[in-house]
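Chain and residue survey
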Amino acid sequence: MVLGATGGLGAASARALARDGSDLALCFRSKRDAAEALAEELRGHGRTVTLHPVDATDPATIDAARDAAIAAHGRVHALVWAAGPLVDQLHLSETPLEKWKRAIAVEVNGFFAAAQSLIPHFRAEGGGAFVHLGSAGDLYWPPRDGLSVAPKAANESLVRGIAKEEGRHGIRANSVLVGVIDAGMFHELLAQGQFDDAWVKEVQAQLPLKRWGTAEEIGHAVSFLASKRAGYTTGQQLAVAGGYGV
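What you are looking at is a predicted structure, and each value in this text was computed from that prediction instead of being measured.

Basis of the calculations
Residues numbered from 1 in each chain as written. Predicted model: local features only at pLDDT ≥ 70, side-chain atom pairs only at ≥ 80, totals over all residues. Heavy atoms only, no water. Phe/Tyr/Trp six-rings, centres within 6.5 Å; stacked < 30°, edge-to-face > 60°. Buried < 20%, exposed > 50% of the residue type's maximum accessible area, 1.4 Å probe, protein only. Helix = DSSP H or I, 4+ residues; strand = E, 2+ residues; numbered from the N terminus. Polar contact = N/O pair within 3.5 Å; in protein donor to acceptor, adjacent residues only side chain to side chain. Contact = heavy atoms within 4.5 Å. Pairing = 2+ DSSP bridges. Axes fitted to C-alpha atoms, helices over the stretch in contact; angles between N-to-C directions. Expected span 1.5 Å × (residues − 1). Arc of directions from axis to C-beta. Right-handed = clockwise from strand over helix to strand, strands pointing away. Core = buried A, V, L, I, M, F, W, Y, C linked by side-chain atoms within 4.5 Å.

**Focus: the packing of aromatic side chains**
One pass over the structure, following the stated rule, counts eight aromatic pairs. Between Phe 195 and Trp 199, the ring centres sit 4.0 Å apart and the planes meet at 25°, which makes this aromatic pair stacked. Given a relative accessible area of 18%, Trp 199 falls into the buried group.

This is the structure we're talking about:
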C-alpha cells in the first residue's frame, strides 16, 4: 500500500515493489489520471493493482483505503509513506504559520493516522512493515528546507517508536532518508527558480558521489526495507543521499 503513489518517489517505489513481486494498492489524492496510468503500467508486469483515493489529512479516507485494499488483496504486508505537499524553500524566520500547519497536518498527522490505521491489521496478520520516505536533512540541516525536514524529523521519532512498541508483533518500521533526487519535486522547484546555480554548485560540492540520485535508487531502498530480505531490520534509517552529511 503506497500513499502518495503519483509523486515521483511514490511512483518509483511502486515500480520497484512491482518488479520485486508485490501487488499494489496505490493511494492518490487528486491525480487520478496519473494513478490510472501507473496502475496500467504495473499490470503490464503481471501485478494486481488497485486504486484508492486518500486525503492524508482525513483519517477516514485512510481507513477506507485500508479496508478496500484488504478486501481486494487479502492483506497488506507493507505501507509506504511517500505523501507530502510541494515544499517551498523558506528560512524558518520567513515561513508563514499556515504553511507550517499544512506541512504538519499532511506529513506528521497523516503518517500518524496511517500508522494507527494499519497497526491493528498488521498485528492480526502476524506482522508487517512501515517504510517512511524521510529527508537527508535529518543528518545535516539544509537551510530553507525546514518545511520538509522538520515534519519528517517528527516522523523519524514515530518510526523508532513503532519499531520499539510493535516489534513484538512482528511489525517493523524504517526510513529512507532522501537526498536531492533528479525527479518529481526537485524538478518543480527548479522550474520555479527556488534553486539557483549557486545552490546547485554548493550542494553538489558536498556530495562524495558528485551527482544527484535517481528515483529508481529510492525505489530499490524502499522495496528492500518492505521485504523479507530486511526481516531483521527495524527502527533504522537508510540514507540514499550520495553521502550528504558524511
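**Brief notes about the side chain of Ser 135**
Position of Ser 135 among the secondary structure elements: in strand S5 (residues 128-135). Judged by its relative accessible area of 8%, Ser 135 is buried. At 2.9 Å, the side chain of Ser 135 and the backbone nitrogen of Gly 137 are in polar contact. Once residues within four sequence positions are removed from consideration, Ser 135 is found in contact with Asp 145, Ser 148, Val 149, Lys 152, Leu 177 and Val 178.

**Focus on the sheet that holds strand S7 (residues 237-240)**
Strand pairing in a sheet is mediated by backbone hydrogen bonds. Such pairs are either parallel or antiparallel. Taken together, seven strands build an open sheet; the order of strands is S3-S2-S1-S4-S5-S6-S7 and the sheet is parallel. Looking at which strands have only one partner, the edges of the open sheet turn out to be strand S3 (49-53) and S7. Of the strand pairs in this sheet, strand S1 (residues 2-3) and strand S2 (residues 24-28) are connected by two bridges, and their pairing is parallel. Each residue of the ladder has a partner; that of Leu 3, found in S2, is Cys 27. Along the sheet, helix H4 (residues 97-124) makes contact with S1, strand S4 (78-81), S5 and strand S6 (171-178), crossing S4 at roughly 175°. In this fold helix H5 (residues 146-166) packs onto S4, S5, S6 and S7, with an angle of close to 155° to the strand it touches most, S5.

**Here we look at helix H2 (residues 32-43)**
Along its twelve residues, H2 runs 16 Å from first to last C-alpha, staying within 8% of the 16 Å computed at 1.5 Å per residue. For H2, every residue scored as buried is listed here: Ala 35, Leu 38, Ala 39 and Leu 42. When H2 is viewed along its axis, its buried side chains cluster within an angular range of 105° and face the same direction. Check the buried side of H2 and you find it contacts helix H1 (8-19), S2 and S3.

**Considering the pairing of S6**
Summarising burial for S6: eight of the eight residues are buried, a large majority. Of the two faces of S6, the one lined by Ile 171, Ala 173, Ser 175 and Leu 177 and the one lined by Arg 172, Asn 174, Val 176 and Val 178 are each fully buried. Between S5 and its parallel partner S6, the chain crosses via H5, and the hand of that crossover is right-handed. By the bridge criterion, four bridges tie S6 to S7 in an arrangement that is parallel. Residue pairing in the sheet places Ser 175 in a bridge with Gln 237 of S7.

**Some thoughts on the nonpolar core**
Ranked by size, the top nonpolar core spans 31 residues in total, and within it Leu 24, Leu 26, Leu 42, Val 176 and Ile 218 carry the most contacts. Broken down by secondary-structure element, the contributors of at least two residues to this core are H1, S2, H2, S4, S5, S6 and helix H8 (215-226). At six residues, the largest contribution of residues to this core is made by H8. What Leu 26 contacts, discounting residues up to four positions off in sequence, is Val 2, Ala 5, Ala 14, Ala 35, Leu 38, Ala 39, Leu 42, Val 49, Thr 50, Leu 51 and His 52. One finds Val 76, Trp 81, Val 106 and Phe 130 within the second-largest nonpolar core, a separate group that totals 26 residues.

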